[in-house]
Structures are given as C-alpha cells and as structure tokens.
Amino acid sequence: MAFRRALISTALKRSKSDLHLHRRWLSGGAVSAPPVLPAFDYQPKPYTGPLADEVLQKRKKFLGSSLFYYYQKPVNVVEGKMQYLFDENGKRYLDAFAGIVTVSCGHCHPEILNAIIEQSKLLQHATTIYLHHAIADFAEALASKMPGNLKVVYFVNSGSEANELAMLMARLYSGNLGMISLRNAYHGGSSGTIGLTALNTWKYSIPEGEIHHVVNPDPYRGIFGSDASSYARDLKDHIDYGTSGKVAGFISETIQGVGGAVELAPGYLKLVYDIVRKAGGVCIADEVQTGFGRTGSHYWGFETQGVIPDIVTMAKGIGNGLPLGAVVTTPEIADVLAQKIQFNTFGGNPVCSAGGLAVLRVLDKEKRQEHCADVGSHLIERLRALQQKHDIIGDVRGRGLMVGVELVTDRKEKTPAKAETAVLFENLRELGILIGKGGLHGNVFRIKPPMCFSKDDADFLVDALDYSISKL
C-alpha cells in the first residue's frame, strides 16, 4: 500500500507540474524566475590548482593564438561527473555539448575509468608490430556493430585522421583522384581533410587537391528544400560537367555537426550513392558525431537514410574522451593498403582499445540508444513548442541527442541572429548550461550532451532558453 500511495503521490505531483507548464504556455507568459539545475547527488573535490586567470595567461603565452575559447570570461573546468561539469569554485554546469560531442557515456564513467586504469597498470603501449588482445577484442566488437561486409577495422587517433585514411583508401581502390563532399560539411582540419571541409571559417588558403563541393541538401536553407531528387541531380551534373566523369569517392555526414546540426534531405544518400558508384567512386559515411546510437532511431547515422556505405569513419564518442578514431571498410577495399607499409604508432594502443571496448559495452548495457530516442523526442517536442512562442527560433532539427536550434531575426528571410545568439550563449552559461554553437554564422545552438542526459536536464535546458529569450 505504501508503494502504491507513493506512486499516486508522484503522479499527482507530475500532473500538477504539467498543468502548471500548460497554463503558463497558454498564457504566453515567460518563465518568471531563473530555472534551477536538477538535483544531482555528487560533491566535487575541493580544487586547489591554478585559477582561471592564471590558466588563461599561460594559454596565451605558451599555446597558439588560433586556439579559441568559449565565453567572454572562460570557464575553468576542473572536474566532471556524468552529464555535469564543475568549475574552480565548485559551480555545477549541465554539459549540453559533451566536449564537442565526444563524451558519450558520461564524464568519468566508472566502468570506463576502471578499464583504462586496469590496462594502464599492465601495459600502456605496444604497437601493432606485436600481438595484444585488446586491439583484436575491440576490433571484433566494433565490426559486430557494422552492417553488410564492413568487417575490417583500422584504428587511428582522431576524426581528421580517420577521414584522411578513408580518402586515401577511396583513391587507391577506385584509381581516381576527385573527391566529392557537401557544402557546409566539416570533415577535419588537417592539410588533407581541410579540402573536404566546406566552411570558410575553418579553411586556410592552401592547395586542396581534387575536391568538389556540391549543393547541400539542407531542408531548411537549401535551394530545393527537402527535394532529395533535385539535390542528387545537382551532384550528377557536377560529375558530368565538373570532372572527368570518374570520381574517387563521396563523403558526407548524415547530420552535419559543425555546420549546425543539419540533417540531410530524406532519401538523399540512397540516390547519391548509386550515382557515385556508377562513376567509379566509393561512398564514405562520416560518423564521427552521429555514431554509437546518438541519433536514437539508429546505431549509425547512415542507417537513417537506408544505405550501407563502403567506408565508415568514426571518432569522438567511440572513446568517451580518449584520443581514438577508426575506419571500417570491406576486405576488398582494405586490401589496397597492402601495396605499401601502412602503420599508425598509437592507433588502437592497449589503453585506448580497452577504453573503447568498455564504451561499447556501457552503451549496450545502459541502453543508451533507446535512452537517446526517448529523451531526444521529449527535448525536440519541448523545443518545437518553444519555437511557437518565440519568433527568434527559426528551426528546430535533429534526432535523438543531436539537436540544433537555429536563431533568426526574420523567419521569412532567415536572417542569422548572430548578435542575439551571442547574448543568449553567455546568459545560458550564467544559468549553468554549457552549450555548443555552429553554422557558418554561429547562430545555431548545438545541443549534443552526454548520452546519460535526462528528461529533467532537457526541461531545465528548455526552461533556461525560454527564460533567456524572454529577457532579450
């Protein structure tokens, strides 16, 4: 009976809360007081290290000036636990950006930490010129997550490295040189992948090789809306008129990350993959941000488009913060690298492999894909309700816990609200939310938290955004 009474009491409290929110929404009123972070049973350790001003001065003196930082007064992050971060004063923040979509399972997840520590006690490093079970176990587990004949794994250290290797494979296997990527894409900042990236804010004036950028199938800003066929025809025209008629490959994200959480027009990849393969090229899926169940509906982003790529690249969430990336391809494509010596000193080292395998196991054990679907749908529903209330929200998009909120000053013209975004960005930080920004004009909030992010966290984030917009 006591259990039943508790259930009824909880339900009544929830229904009253929902009714309060509903009434507030019907009245069109703003959140009257700043929302408060959800309760979290954790006490950070006292911090006695260098304070923010000293750290910033050291950065300016000893690190390159190209390294930018968020916020007018940068946050000195000293500790993390699951979906939260703590600064030097012990202030808690909701991490809605996950170290740029990298912390998949949560900060300092105990099972992943344990795997890393135990392996470090035994052997920290031995390259692939010797045998070690960790890399083989990890490769086997990763291959089991892949569809079709994607069964050969190469480990690297980052997404840029993974995309460099994938581009090399495509060119060797096809015998062609030209690569195609989408406008608004981000595939890395190395001297090779910078050519694939198609945002001027990330590109230097250097030779980019044989790279072609086609019209982006962006349902919100694209010239053809959600018409995948028209975007595919543009790509076909580009091959016919802008190349020899043969290409090495095509690479794309399924939901563009740095570009502002832009999900490709439905059905686009299926049409394009067919065109590219007929032109002699291979199809590469960049899963650096969308992989490992983050989209909720599928384990891999490319599955949302009903395709199987020839090569898949991944990083970020694969290691929950470890410097780890991978390329998975077919045996036939992998064999082209055997023409020469292909080697990566740190790729798949024992510590990273042990940590990566622990990540896969935690994601399965804690059912994080299902969790992303559930929490993500709740978050998107609440954000779309907020869009009806505030004209500055031009678009809400994404899947699972990979969400974008684009801010505009004019919904018809879709004029980027750059100044307003900057103000809201600072205000959200003051309220205890660390969020990402993206898009060419920096007017898209990127909400891509650790995959343990809860519905209470989502409600807090939306209420904070509502409160901040109402104060503009």
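Values in this document were obtained by computation on a predicted structure and should not be read as measured data. (Residues numbered from 1 in each chain as written. Predicted model: local features only at pLDDT ≥ 70, side-chain atom pairs only at ≥ 80, totals over all residues. Heavy atoms only, no water.)

## A look at the packing of helix α5 (residues 133-143) against helix α10 (residues 350-365)
Orientation of α5 relative to α10, taken along the N-to-C sense of each, is 30°, at an axis distance of 8 Å. Here α10 runs roughly parallel to α5, going by the angle between their axes. Crossing hand, α5 versus α10: left-handed. Of the residues in α10, those touching α5 at A134, I135, D137, F138, A141 and L142 are P350, S353, A354, G356, L357 and L360. Partitioning the contact of α5 with α10 into residue classes produces nine nonpolar, two polar and one charged. (Axes fitted to C-alpha atoms, helices over the stretch in contact; angles between N-to-C directions. Helix = DSSP H or I, 4+ residues; strand = E, 2+ residues; numbered from the N terminus. Parallel < 35°, antiparallel > 145°, perpendicular 65-115°, else oblique. Left-handed = near helix turned anticlockwise from the far one by under 90°. Contact = heavy atoms within 4.5 Å. Nonpolar A, V, L, I, M, F, W, Y, C, P; charged D, E, K, R; others polar.)

## Considerations on α10
Compared with the 22 Å implied by 1.5 Å per residue over 16 residues, the 22 Å span of α10 between its first and last C-alpha is a close match. With 13 of 16 residues buried, α10 lies mostly within the body of the structure. Just beyond α10, the residue with positive phi is K367, at close to 50°. (Expected span 1.5 Å × (residues − 1). Buried < 20%, exposed > 50% of the residue type's maximum accessible area, 1.4 Å probe, protein only.)

## Overview of the confidence of the model for the protein
Detailed reading of the predicted model is not advised wherever pLDDT is low. In this model, the protein carries an average pLDDT of 94, and 93% of its residues clear a pLDDT of 70 or more. Confidence drops under pLDDT 50 across residues 1-28; counting only partners more than four residues distant or on other chains, this segment forms 10 contacts. (pLDDT = per-residue confidence, 0-100.)

## Points about the packing of aromatic side chains
Within this structure, the stated rule accounts for 17 aromatic pairs. Ring geometry for F68 and Y70: centres 6.3 Å apart, planes at 45°, overall tilted. Judged by its relative accessible area of 55%, F68 falls in the exposed class. Taking relative accessible area as the criterion, Y70 reaches 25% and is therefore assigned partly exposed. Taken together, a centroid distance of 5.8 Å and an interplanar angle of 75° make the contact between Y70 and Y71 edge-to-face. Among the aromatic residues, those joined into a ring-pair cluster are F68, Y70, Y71, F97, Y186, W202 and F425. Of note, R429 hangs over the ring of Y71, and the distance from its end group to the ring centre comes to 5.5 Å. (Phe/Tyr/Trp six-rings, centres within 6.5 Å; stacked < 30°, edge-to-face > 60°. Lys NZ or Arg CZ within 6 Å of the ring centre and 35° of its normal.)

## Examining the pattern of salt bridges
Summed over all chains, the structure comprises 17 salt bridges. Residues R221 and E406 are paired through a salt bridge, measuring 2.6 Å at the closest nitrogen-oxygen approach. Here R221 is found in the loop between β6 (211-214) and α7 (228-242), whereas its partner E406 is found in strand β14 (residues 402-410), with 185 residues between them in sequence. A salt bridge links R382 to D463, with the nearest nitrogen and oxygen atoms 2.9 Å apart. (Salt bridge = Lys/Arg side-chain N within 4 Å of Asp/Glu carboxyl O.)

## Concerning the sheet that holds strand β12 (residues 325-329)
Strand-to-strand pairing in sheets goes through backbone hydrogen bonds, with the strands running parallel or antiparallel. In spatial order, the strands read β4-β12-β11-β10-β7-β5-β6; together these seven strands make up an open sheet with mixed pairing. A strand with exactly one partner marks an edge of an open sheet, and here the two such strands are β4 (152-156) and β6. Neighbouring strand axes in the sheet, compared pairwise and without regard to direction, differ in orientation by 20° on average. One ladder, built from four bridges, connects strand β5 (residues 179-182) with β6; its direction is parallel. Across the sheet, residue L182 finds its bridge partner in β6, namely V214. Where α5 meets the sheet, it contacts β4, β11 (311-314) and β12, and its direction lies at approximately 120° from that of β4. Contacts from helix α6 (residues 159-174) reach β4, β5, β6, β7 (249-253), β10 (282-286), β11 and β12, with the element oriented near 165° to β11. (Pairing = 2+ DSSP bridges.)

## Re the nonpolar core
Counting residues in hydrophobic clusters, the biggest one holds 96 residues, and the most contacted among them are L142, L235, F250, Y268 and M314. Setting aside its immediate chain neighbours within four residues, L142 contacts V153, F155, F292, W300, M314, I318, A326, V328 and L360. Counting 21 residues, the second largest nonpolar core, distinct from the first, contains A170, I211, V282 and I311. (Core = buried A, V, L, I, M, F, W, Y, C linked by side-chain atoms within 4.5 Å.)

## Brief notes about the packing of helix α4 (residues 110-122) against α10
Two numbers describe how α4 lies on α10: the axes approach to 8 Å, and their chain directions differ by 155°. In terms of their interaxial angle, α4 and α10 are classed as roughly antiparallel. Considering how the two elements wind past one another, α4 and α10 form a crossing that is right-handed. When α4 is examined against α10, the residues E111, I112, A115, I116, Q119 and S120 are found in contact with a partner set consisting of P350, V351, A354, G355, A358, V359, V362 and K365. The residue makeup of the contact of α4 with α10, split by class, is nine nonpolar, three polar and two charged.

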